[in-house]
Every structure is written in structure tokens, then in C-alpha cells.
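Results of the structural survey
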Amino acid sequence: MAEVTMRIWRGDASGGEFTSYTLAQNEGEVVLDVVHRIQASEAPDLACRWNCKAGKCGSCSAEINGKPRLMCMTRMDSLPEGPVTVAPMRTFPIVRDLVTDVSFNFVRAQQVPALLPPPMPEGGYVMYQEDVERGQEFRKCIECFMCQDVCHVIRDHEDNKQHYAGPRFFIRYAELEMHPLDQNDRREYVREEMGLGYCNITKCCTEVCPEHIKITDNAIIPLKERVVDAHYDPIAWLGRAIRRKKKASAAEAAVQPAP
Amino acid sequence: MTDTYEHHDYDVLIIGAGGAGLRAAIEAKQRGLRVAIVTKSLLGKAHTVMAEGGMAAALGNVYPEDNWQVHFRDTMRGGKYLNNYRMAELHAKEAPDRVLELEQWGALFDRTPAGKILQRDFGGHRYARLAHVGDRTGLELIRTLQQKVVSMGADVFMECKVLRLVHDASGKAAGAVAYWRATGEFVTFAAKAVVLATGGLGKSWKFTSNSWECTGDGHAMALWAGARLIDMECVQFHPTGMVWPLSVRGLLVTEGVRGDGGVLRNSEGRRFMFDYVAPMFRAETAESEDEGDRWYEDHSAGRRPPELLPRDEVARAINAEVKAGRGSPHGGVFLDIASRRSPEFIRRRLPSMYHQFMELAGVDITREAMEIGPTCHYAMGGVQVDADSAATAVPGLFAAGEVAGGMHGANRLGGNSLSDLVVFGRRAGMGAADWVESGEAATSMEAGEVEAAVAAALAPFERESGESPYDLHHDLQEMMQANVGIIRTQSELDDAKERLVEFAERVNNVRVTGGRAYNPGWNLATDLPSMITVSRCVTEGARLRTESRGGHTREDFPTADDRLGTLNFAQTCPGGAWDGEYRIEESPLLAMPAELKALLEEAH
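Residues numbered from 1 in each chain as written. Chains lettered and ligands numbered in written order. Predicted model: local features only at pLDDT ≥ 70, side-chain atom pairs only at ≥ 80, totals over all residues. Heavy atoms only, no water.

Attention shifts here to the sheet that holds strand E4 (residues 119-120) of chain B. All names here are of chain B. If you walk across this open sheet you meet the three strands as E3-E5-E4, and the pairing is antiparallel. Two strands close off the open sheet at either side, each with one partner strand: strand E3 (55-56) and E4. Bridge count between E3 and strand E5 (residues 130-131): two bridges; the pairing is antiparallel. Across the sheet, the residue bridging to Met-55 is Ala-131, located in E5. (Pairing = 2+ DSSP bridges. Helix = DSSP H or I, 4+ residues; strand = E, 2+ residues; numbered from the N terminus.)

On to the side chain of Thr-75 of chain B, then. All names here are of chain B. Tracing the chain through its elements places Thr-75 in helix H2 (residues 68-78). Thr-75 sits in the buried class, given a relative accessible area of 2%. Not counting the four nearest positions on each side in its chain, Thr-75 is found in contact with Asn-83, Ala-88, Met-407, Leu-413 and Asn-416. (Buried < 20%, exposed > 50% of the residue type's maximum accessible area, 1.4 Å probe, protein only. Contact = heavy atoms within 4.5 Å.)

The subject of this paragraph is the pattern of salt bridges. Taken as a whole and assessed by the stated rule, the structure comprises 76 salt bridges over all chains. For the salt bridge of Glu-52 of chain B with Lys-56 of chain A, the shortest nitrogen-to-oxygen distance reads 3.3 Å. Highlighted residues: Glu-52 of chain B in the loop between strand E2 (35-38) and E3 and Lys-56 of chain A in the loop between helix H1 (31-40) and strand E3 (61-64), drawn from two different chains. In this structure, Glu-52 of chain B and Lys-56 of chain A share a single accessibility class: buried. Taking the shortest distance from any N to any O, the salt bridge between Arg-168 of chain A and Glu-143 of chain A comes out at 2.8 Å. Taken together, the residues Arg-168 of chain A in helix H6 (residues 167-177) and Glu-143 of chain A in the loop between helix H3 (129-139) and helix H4 (146-150) connect sequence positions 25 residues apart. With respect to burial, Arg-168 of chain A and Glu-143 of chain A carry one shared label: buried. One network of salt bridges, in which partners are shared, links Asp-66, Arg-73, Asp-74, Arg-77, Arg-129 and Glu-284 of chain B. (Salt bridge = Lys/Arg side-chain N within 4 Å of Asp/Glu carboxyl O.)

All names here are of chain B. With antiparallel pairing, the four strands of this open sheet are ordered in space as E11-E14-E13-E12. For this open sheet the edge positions go to strand E11 (235-242) and strand E12 (263-265), each flanked by a neighbour on one side alone. Neighbour-to-neighbour, the strand axes of the sheet open up by a mean angle of 45°, direction not taken into account. In this structure, E11 lies alongside strand E14 (residues 370-379), joined through six bridges in antiparallel fashion. By the bridge assignment, Phe-237 is partnered in E14 with Cys-376. Contacting E11, E12, strand E13 (333-336) and E14, helix H9 (residues 311-323) runs over the sheet at an angle of about 60° to E11. (Axes fitted to C-alpha atoms, helices over the stretch in contact; angles between N-to-C directions.)

Once that is clear, we can look at the pairing of strand E4 (residues 67-70) of chain A. Residues and elements named next belong to chain A. What you see with E4 is a clean split: Pro-68 and Leu-70 sit on the buried side and Lys-67 and Arg-69 on the side with no burial. With four bridges connecting them, E3 and E4 associate as antiparallel partners. Bridge pairing in E4 links Ala-62 to Arg-69. Between E3 and E4, which pair antiparallel in sequence order, lie two residues; one of them, Asn-65, sits at a positive phi of approximately 50°.

All names here are of chain B. For the coordinates displayed, the defined rule picks out 11 cavities of 30 Å³ or more. As a volume, the largest cavity reaches approximately 700 Å³. Along the walls of the largest cavity sit 49 residues, with His-47, Thr-48, Gly-199, Gly-200 and Glu-402 positioned nearest its centre. Of all the secondary-structure elements, those providing two or more residues to the lining of the largest cavity are helix H1 (19-30), strand E7 (160-167), helix H5 (217-225), E14 and helix H12 (416-438). Along the lines of polarity and charge, the residues of the lining of the largest cavity split into 19 nonpolar, 21 polar and nine charged. Looking at which domains feed residues into the lining of the largest cavity, each of domain 1 (6-56 + 138-236 + 378-447) and domain 2 (239-376) gives three or more. (1 Å grid on protein atoms, 1.4 Å probe; cavity = no way out; pocket = protein on both sides within 12 Å on 5 of 7 lines; lining within 4 Å. Points joined across faces, edges and corners; volume = space filled by probe spheres on them. Nonpolar A, V, L, I, M, F, W, Y, C, P; charged D, E, K, R; others polar. Domains from an automatic or database assignment.)

On to unusual backbone geometry, then. Pro-245 of chain B follows Trp-244 of chain B through a cis peptide bond whose omega is 0°. With respect to the helices, strands and loops of the structure, Pro-245 of chain B is situated in the loop between E11 and helix H6 (256-259). Although it is not a glycine, Asn-65 of chain A sits at a positive phi angle of roughly 50°. Within the fold, Asn-65 of chain A resides in the loop between E3 and E4.

A few words now on H5 of chain B. Quick reminder: α-helices carry 3.6 residues per turn. Residues three or four places apart thus point the same way. All names here are of chain B. Across the nine residues that make up H5, a large majority, nine, are buried. Regarding H5, the residues found buried are Asp-217, Gly-218, His-219, Ala-220, Met-221, Ala-222, Leu-223, Trp-224 and Ala-225. Among the residues trailing H5, Gly-226 stands out with phi positive, at a value near 115°.

Let us now look at the environment of Met-445 of chain B. Residues and elements named next belong to chain B. Positionally, Met-445 belongs in the loop between H12 and helix H13 (447-462). Using a relative accessible area of 11% as the deciding quantity, one classes Met-445 as buried. It is 5.8 Å that separates the C-alpha atoms of Met-445 and His-167, two residues lying 278 residues apart in sequence.

We now examine the nonpolar core. Met-71 and Phe-170 of chain A are the most contacted members of the largest nonpolar core, which has 242 residues in total. Among residues more than four places away in sequence, those in contact with Phe-170 of chain A are Tyr-164, Ala-165, Val-190, Met-194, Gly-195, Leu-196, Cys-199, Ile-220 and Leu-223 of chain A. (Core = buried A, V, L, I, M, F, W, Y, C linked by side-chain atoms within 4.5 Å.)

What follows covers the interface of chain B and chain A. With 60 residues of chain B at the interface, the matching set in chain A holds 59 residues. Both faces considered, chain B and chain A share a buried interface measuring about 4700 Å² in area, 55% of it formed by carbon and sulfur atoms. Contact with chain A buries surface across chain B, with Lys-45, Leu-108 and Tyr-518 of chain B losing the most and accounting together for 14% of the total. Summed over the shared surface of chain B and chain A, the result is four salt bridges. On the surface where chain B and chain A come into contact, there are 37 residue pairs in polar contact (both at pLDDT 80 or more). (Buried area = accessible area lost by both parts, 1.4 Å probe. Polar contact = N/O pair within 3.5 Å; in protein donor to acceptor, adjacent residues only side chain to side chain.)

For the rest of this paragraph, the subject is the pairing of E3 of chain A. Residue and element names in this part refer to chain A. Burial of E3 is two-sided: the residues Ser-61 and Glu-63 facing one way and the residues Ala-62 and Ile-64 facing the other way are all buried. Judged from the two bridges that link them, E3 and strand E5 (residues 84-87) form a sheet pairing that is antiparallel. Residue pairing for E5: Ile-64 is matched across the bridge by Val-86.

Residue and element names in this part refer to chain B. Within this structure, the stated rule accounts for 16 aromatic pairs over all chains. When the centroid spacing of 6.3 Å and the interplanar angle of 85° are considered together, the rings of Phe-186 and Trp-522 count as edge-to-face. Placement of the pair is Phe-186 in strand E9 (residues 186-196) and Trp-522 in helix H16 (residues 520-544), with a sequence separation of 336 residues. With respect to burial, Phe-186 and Trp-522 carry one shared label: buried. An aromatic cluster of three or more residues is present, and its members are Tyr-5, Tyr-179, Phe-186, Phe-461 and Trp-522. Its end group placed over the ring of Tyr-354, Arg-347 keeps NZ or CZ at 5.6 Å from the ring centre. (Phe/Tyr/Trp six-rings, centres within 6.5 Å; stacked < 30°, edge-to-face > 60°. Lys NZ or Arg CZ within 6 Å of the ring centre and 35° of its normal.)

A few words now on the environment of Ala-174 of chain A. All names here are of chain A. For Ala-174, the position within the fold is in helix H6. With a relative accessible area of 0%, Ala-174 lands in the buried category. Sequence-wise, Ala-174 and Glu-122 are 52 residues apart; in three dimensions their C-alpha atoms are separated by 28 Å. Excluding anything up to four places from it in sequence, Ala-174 contacts Phe-138, Ala-219 and Leu-223.

This paragraph deals with the domain arrangement of chain B. Frequently, the measure chosen for interface size is the accessible area removed from exposure when the parts meet. All names here are of chain B. For chain B, the domain assignment lists domain 1 (6-56 + 138-236 + 378-447), domain 2 (239-376) and domain 3 (451-575). Listed by partner, the interface residues are 16 residues for domain 1 and 14 residues for domain 2. Of the roughly 1200 Å² buried between domain 1 and domain 2, counting both surfaces, carbon and sulfur atoms make up 57%. Put simply, domain 1 and domain 2 have zero salt bridges between them. At the junction of domain 1 and domain 2, the tally comes to nine residue pairs in polar contact (both at pLDDT 80 or more).

This brings us to the domain arrangement of chain A. Residues and elements named next belong to chain A. Assigned domains within chain A: domain 1 (3-100) and domain 2 (103-254). Put simply, the middle of domain 1 and the middle of domain 2, counted by C-alpha atoms, are 31 Å apart. Across the contact, 14 residues belong to domain 1 and 17 residues belong to domain 2. Across the interface of domain 1 and domain 2, roughly 1200 Å² is buried in total on both sides, 53% from carbon and sulfur atoms. The interface formed by domain 1 and domain 2 contains two salt bridges. At the boundary of domain 1 with domain 2, the tally comes to six residue pairs in polar contact (both at pLDDT 80 or more). Sort the elements by how many residues they give to the side of domain 1 that touches domain 2 and E4 lands first, with three residues. Per-class residue counts for the side of domain 1 that touches domain 2 are six nonpolar, four polar and four charged.

If you want it as C-alpha cells, here you go:
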């Protein structure tokens with residue numbers, strides 16, 4: 001019977017190593033199926049995060065043969081012959097085995113100034129399909145955080161995390177910025193406190209997005225354009241100069257340690 | 001006690017962070033209360049995220065003749081009249097406001113040409129009624145609520161699994177004991193009110209659309225704590241789950257495929273659903289393919305095609321076709337939209353389905369038919385609640401969403417789940433807030449209950465030998481699939497009852513290896529009592545309901561029984577011991593006011 005060999009990273013914050021597991025090959029399986037079979041047999045304490053096993057929840061992100069992917073949507077027969085390497089996402093601190101501490105993202109989520117809509121008219125808002133479609137693309141995001149994982153601004157530069165929200169949140173800001181109902185202006189905030197300028201549009205995030213969101217082209221670049229327009233507008237500049245002192249203290253408050 | 005474990009104090013403790021839990025949190029938070037949400041997953045990953053087709057609300061944007069009365073009627077008929085009528089009434093009346101408020105919080109639903117929320121057809125709904133975003137409506141709902149909750153500053157305890165509810169000395173709900181998955185350390189939450197929003201229980205079956213979380217924790221904890229579970233025998237098997245490859249068997253295929261024109265065919269190419277129209281639905285169902293096709297264009301030009309009958313009807317028909325030898329190669333039937341709609345239409349309306357079949361099965365649904373079959377999907381049964389306040393029989397304990405029973409009767413209509421979450425999530429938040437403000441709430445937790453829960457959780461580590469929790473779970477799923485599946489019969493149910501006694505004994509012999517930090521084997525071991533508890537309740541209800549009604553089908557009692565149609569089976573656990581004795585009794589349905597009854601009797 002044909003077999004598969006999985007090299008899975010086992011360990012915790014203090015260190016770890018790859019452990020090999022060899023199992024029978026089953027037709028049609030995805031990487032997560034094989035991880036589950038390892039749990040049910042050789043390694044009942046092998047830690048991995050997963051929920052839906054249908055590519056909808058974004059829980060089972062890992063680096064498969066070095067590339068960030070959802071374990072539940074990666075068919076074994078799509079991978080080259082030979083051992084399959086499964087490692088945790090490198091950008092986030094290790095909890096155990098394939099599970100990482102992604103709380104950075106939840107802190108960043110808390111810092112997003114909320115939607116500010118006008119009062120709702122009787123019978124609900126009127127918005128047209130062409131106006132909601134741009135935002136809908138970004139709202140497909142399943143928060144797998146693989147775009148964050150692969151982003152070189154924070155992947156190998158831990159210090160940058162305190163100045164940078166990352167691609168997942170740039171599409172969130174772009175979504176709000178393009179939301180037909182929103183009356184908030186976050187452009188200066190994204191530039192100054194969320195580090196939009198650090199992104200130099202290498203499109204690594206777009207390449208790994210399992211929802212095929214055009215993160216760079218449709219969110220980050222338009223967002224950068226809007227931010228630049230706002231920043232170099234002379235009236236906006238004057239307003240900022242007056243508010244600067246207050247803003248600086250808000251920036252300090254925004255960077256909290258992970259819970 | 002507060003010295004032994006990490007401890008938190010709140011006004012309202014919400015267990016579960018799906019649609020119902022988050023909506024309850026928003027409500028309680030708006031009342032100025034201190035709110036904690038505890039979830040065993042990360043925020044935004046709850047099973048709500050998997051809902052696809054939409055949320056039902058009589059907005060009347062596509063068919064102005066739609067209104068709450070028709071929605072109420074459809075819900076009651078779909079539920080085969082076993083519903084708590086008051087829940088169905090509140091749900092139909094309030095769902096439109098709940099949908100509209102989501103837009104204030106950022107949701108972006110698909111639009112009509114006039115810029116209103118677009119609504120889609122689904123089984124059992126007379127009019128196109130489901131507000132939706134392509135086929136990822138659940139994601140839109142959970143993300144919107146999650147972002148709202150975060151912006152309000154509610155405290156969210158992620159990957160923190162509640163093990164047991166805790167009472168005060170007088171038996172009121174007083175909090176819960178949980179453990180952090182990351183560290184394995186225990187944590188206690190004291191609260192004046194506790195809201196259960198823990199979702200479903202499909203993980204007791206082998207083929208299910210449910211995520212790993214759906215282990216019936218809330219159903220079980222409520223039962224152990226003194227609440228009543230009703231209608232547990234009513235489990236919905238969704239007609240269209242994937243059947244191949246085996247590793248994804250059970251994965252949901254949205255009803256939106258049929259709502260948007262997809263049809264079911266057997267191996268002979270016949271649209272067999274025309275052969276399975278029950279008398280109750282004949283007057284409103286198309287008699288020919290032509291008539292059904294006209295209906296898609298204009299609902300006044302024909303009657304609805306039989307593929308859009310309620311889910312229980314369609315699932316039974318598929319089961320019968322496969323049994324008669326007219327199934328697909330992998331034991332399902334064919335769901336065909338490729339021959340009926342353009343590839344562009346399919347990719348725009350059903351992007352997730354396109355993606356799911358392409359990536360997991362190598363099937364291009366714009367070119368070929370899907371193979372599908374029934375999959376365990378939804379628990380209609382659950383904790384008995386007061387419709388208006390979501391209060392359970394335990395003072396201070398509330399329940400909303402799938403864990404609550406009554407709203408959907410014997411069978412839930414598609415689209416009524418997401419609206420249920422927000423309608424009753426909000427009401428649970430209100431009920432909990434009222435209870436907190438009443439001054440009657442519990443003020444202390446029984447330390448003995450906390451210690452017992454901790455000891456039970458740690459026991460699997462202390463055994464020197466014993467069996468793997470994975471093996472026991474596997475055996476439970478095989479048994480429930482075989483004996484308590486879509487079609488049931490007395491001898492198999494009796495056998496299941498005996499086997500469940502053995503399974504409960506085996507739980508007390510489960511051994512876990514490794515440490516406590518993020519140990520999935522241990523986590524599964526803590527889920528097993530819940531899964532076995534709900535399996536016992538489903539089996540016992542199914543044994544006593546000697547009729548076929550909605551999601552409960554008895555081969556040996558193939559028709560509905562008028563007397564049983566007037567009552568729920570209510571189950572309790574008098575001693576509070578999960579492996580102890582449960583009781584089951586008949587509980588009459590609430591009497592419906594005459595004006596609502598009249599709505600049910602109208603011709604259509």
C-alpha cells in the first residue's frame with residue numbers, strides 16, 4: 001500500500017524539531033486529514049488549530065513545504081512526491097506544535113476606529129451593488145492571517161510589529177474607507193499609526209490569500225493613494241499640525257501588549 | 001477558591017461566540033453591564049461562519065406581498081407544528097429589524113437594482129426571503145457582530161473551554177468553570193447571569209456538516225445544571241452534503257444551489273423530487289418541470305419546484321432513491337446546476353461552492369453535476385426557554401441560538417437559523433440584563449461544584465492505562481450514524497440506548513497522554529461526556545416519538561401521529577450526574593392564540 005511521510009514541527013516556545021510520521025495514503029485526503037490520523041494514532045497530543053475543515057473559518061493555517069496554506073484545503077495529491085513538511089506560521093510566537101499565538105491580530109482589530117454611518121432612514125439604507133462590491137471583496141477575508149505571516153515587514157522584524165497593522169488590517173481599512181455609509185476619516189491614522197508606508201507592495205500577501213483577494217492591487221495601493229492625497233492636502237496639513245500633540249499620546253496608547 | 005484558580009467577576013457571562021453569543025453580548029453591553037464572552041475557539045471562527053445561503057426576514061424587498069404573517073406560517077408548517085409558536089412569532093416579526101441593524105454595523109449584503117437588500121429563494125419559504133452575501137452569509141454575520149463587539153470593548157476569552165456551569169447554594173446559575181487551552185490552567189467565572197450560546201451537536205455523527213466545536217456542550221451543561229431539553233429527537237439531516245472524496249463527506253452544499261435553479265437527478269437522469277411531494281405541500285408545488293422553471297422567473301407564473309420543499313422532505317427522498325438503487329457512484333444523487341445556469345451566473349452566485357468542489361473534489365460545478373447526499377446538520381431540539389426572555393428553568397441561566405429548542409419545531413427551514421441567532425441572541429441579552437438588574441441574581445459560587453469539575457477534567461491524566469479518546473469518539477460516531485441516523489427503527493434505537501450505557505462507562509476509562517498545554521486529546525476527552533449526553537437524549541426522544549415528523553423519521557411508524565403532534569418530549573437529569581439517570585416526560589405545546597391559528601389555516 002502507498003504511504004505518505006509527514007515531517008511535522010513539534011515543540012513549544014522553548015524550542016522544538018521536526019518529527020516524521022509515516023502513514024498509509026488515502027484517496028482524496030487533505031493535509032489536515034493526515035494530521036488528524038496522526039493525532040488518532042501515534043501522537044494524540046499533537047497540537048493543531050482547526051474548526052470547519054471547509055476553508056471557511058481560517059483556523060488551520062500552517063507552512064506546508066515552506067508555503068503558508070490552509071491545511072484543510074491542501075490536497076495531498078497536489079503536493080510533490082516525497083515527505084510533506086508542516087510547520088507553524090513563523091511570524092507569530094509558538095504556543096505548541098502547529099499552534100501559534102495570533103493575538104497580535106486581535107489587538108490590531110481593537111484599534112480599528114468603527115464604522116460611522118448616518119442615521120438609518122425608514123426601511124433601511126439604499127446602497128447599490130456596484131458600490132458594495134468593492135467592500136465585499138475585502139469582507140471575504142477569513143482571517144487566516146497567512147498574509148500577516150508572509151509579510152516581510154513583520155516576518156523577520158519583530159520590532160516592526162508595534163508600528164505596523166499588516167495586510168489583513170489594510171484591507172479592513174480599505175473596506176471602511178470605501179464603505180458607502182462610512183463618515184469616519186482614518187487616512188492619517190493608517191499612515192501615521194498603522195504603518196501603511198512600510199508596505200512596499202511586493203504582493204506576497206496577495207499570493208497566499210486563500211480567498212484570492214487582490215490585497216495589494218485593490219486595497220493597499222488605492223489606500224496608499226488616498227492617504228497620500230489626504231496627507232499632502234494643505235488644509236489637512238494645517239489641521240494635523242494643530243492636533244499633533246493629542247495624536248501622539250493616542251499613538252502610545254494604541255500599542256498595547258498582547259493579552 | 002479565588003486563590004486556587006484564576007478568577008473573573010462579571011455581570012453577564014456568555015458562553016459561545018457565534019452569532020447568538022455575540023448578539024447577546026452587544027445587547028448586554030448596551031445596557032451598561034460588565035460582559036465576558038468565553039469561546040473555545042478564536043473569535044470569529046464559530047460554526048456560524050459556515051452558514052452559506054442567507055438569513056430569512058420578511059423585508060419584502062423582492063416580493064412586497066411578503067410579511068411576518070407569511071414567514072410565521074412558513075416556519076410553523078416547516079416545523080410540522082411542533083414549534084414554540086411564540087418563538088416563531090417573535091422571530092418572524094423581529095427578523096427584519098435585526099437584518100437592517102447589521103447594516104448599521106457594517107454588513108454589506110447583496111443588493112436589488114433599487115439598492116435594497118436582495119433576497120433569495122430557499123426551501124419552504126413562500127417568497128424570496130433570504131438576505132445574503134453570495135454564499136458566505138454566515139461569515140458576513142459573524143464578522144459584523146465580532147467587529148461590533150470589539151468596538152464596544154467586551155472582554156473576550158478565546159480558546160477557553162467551559163467545562164461546567166456552577167450554581168449558588170440556592171440553585172441559581174452563578175458562573176462557570178473553564179480551562180485555557182493554551183496552558184491547561186483552570187479559570188472560574190462568577191456572573192449574575194449566564195447565557196448559553198454554544199451551538200449544535202453534530203459531532204456525535206460520522207457524516208456531518210458541523211465543525212469540531214459542535215459537541216453539544218451547552219445542551220449537556222444545561223441538562224446537568226437542571227434545565228429541560230425538548231425535541232432532542234428532531235435532528236436535521238441536510239439533504240445536500242458532499243459525498244466524495246470520503247475525507248470531506250458531509251461537508252455542506254448550500255441550499256442556495258437549488259434556490260438559484262439547481263435540480264436533483266437520480267442515476268437515470270430523472271428529476272425524482274416530483275415523485276415525493278407530500279399531500280401537505282401539493283397545492284403549492286409545481287406539477288411539471290416547465291411549471292417549476294417558470295416559477296424561478298416569476299413566482300406568480302407557476303408554483304415552486306419540488307427541489308425547494310423543506311429539508312426533511314428532500315433528505316428522505318434522496319435516501320429513498322439511493323436505497324432503490326438509483327444513486328450516484330459514491331452513494332448520493334446528482335445536484336445539477338451546470339446544465340441550467342451559465343458559468344458566469346454560477347461563479348457569481350455560488351463562489352464558495354465553486355471553489356469547494358474545484359479544490360476538494362476536482363469537480364467544476366459549472367460543467368458537471370455534484371454528487372450529494374444527506375448530512376447531519378442541525379439540532380432543532382435544545383434547552384427549553386421562555387420565548388420572550390430566553391430564560392431557562394434554572395434561574396439566571398439563558399439560552400439562545402441552536403442550543404435553545406422550540407423555535408424550529410420538528411424541522412428548521414433554511415435561512416431561519418441566522419435570523420434566529422440575532423433575534424434570540426438579542427432577547428437573551430435583554431433577559432440576562434433584566435435578571436441582573438432585578439437584584440435576585442446569585443452572589444456566590446458553590447466551591448464544591450468547581451472542584452468536582454476540575455477533578456473530572458484531570459482524571460484522564462491520572463489513569464495508568466485506558467483507551468484513547470479518539471477511539472471512543474470514532475466508535476460513538478459510527479454507532480450514532482448507523483443506529484440514530486436519518487431513518488430510525490425501534491430495534492436499532494434500543495440497541496443504541498444499550499451501547500450508550502457502555503460508552504458512558506468507557507469515558508470513565510479514557511486515558512490522556514502528554515501535558516496540559518494545548519493538548520487536543522485532552523480537549524476531546526472533555527468533550528466526550530457532552531457528546532454522549534446529547535446522544536442519549538436524541539436516542540431516548542427518538543424511541544418515544546413513535547411517529548414520523550420533520551427531522552425525525554421512524555421506518556416502523558412512517559406517518560405523523562395527531563396526539564404526538566400536540567406535545568414535546570422534555571428530558572431532565574434529576575441528580576445532575578452526566579452518567580446518571582435522565583428522565584423524559586410529555587410536555588404539552590403552548591396553546592396558540594386564535595389569530596395566529598387562523599394564519600396557519602389560510603389556503604396558502
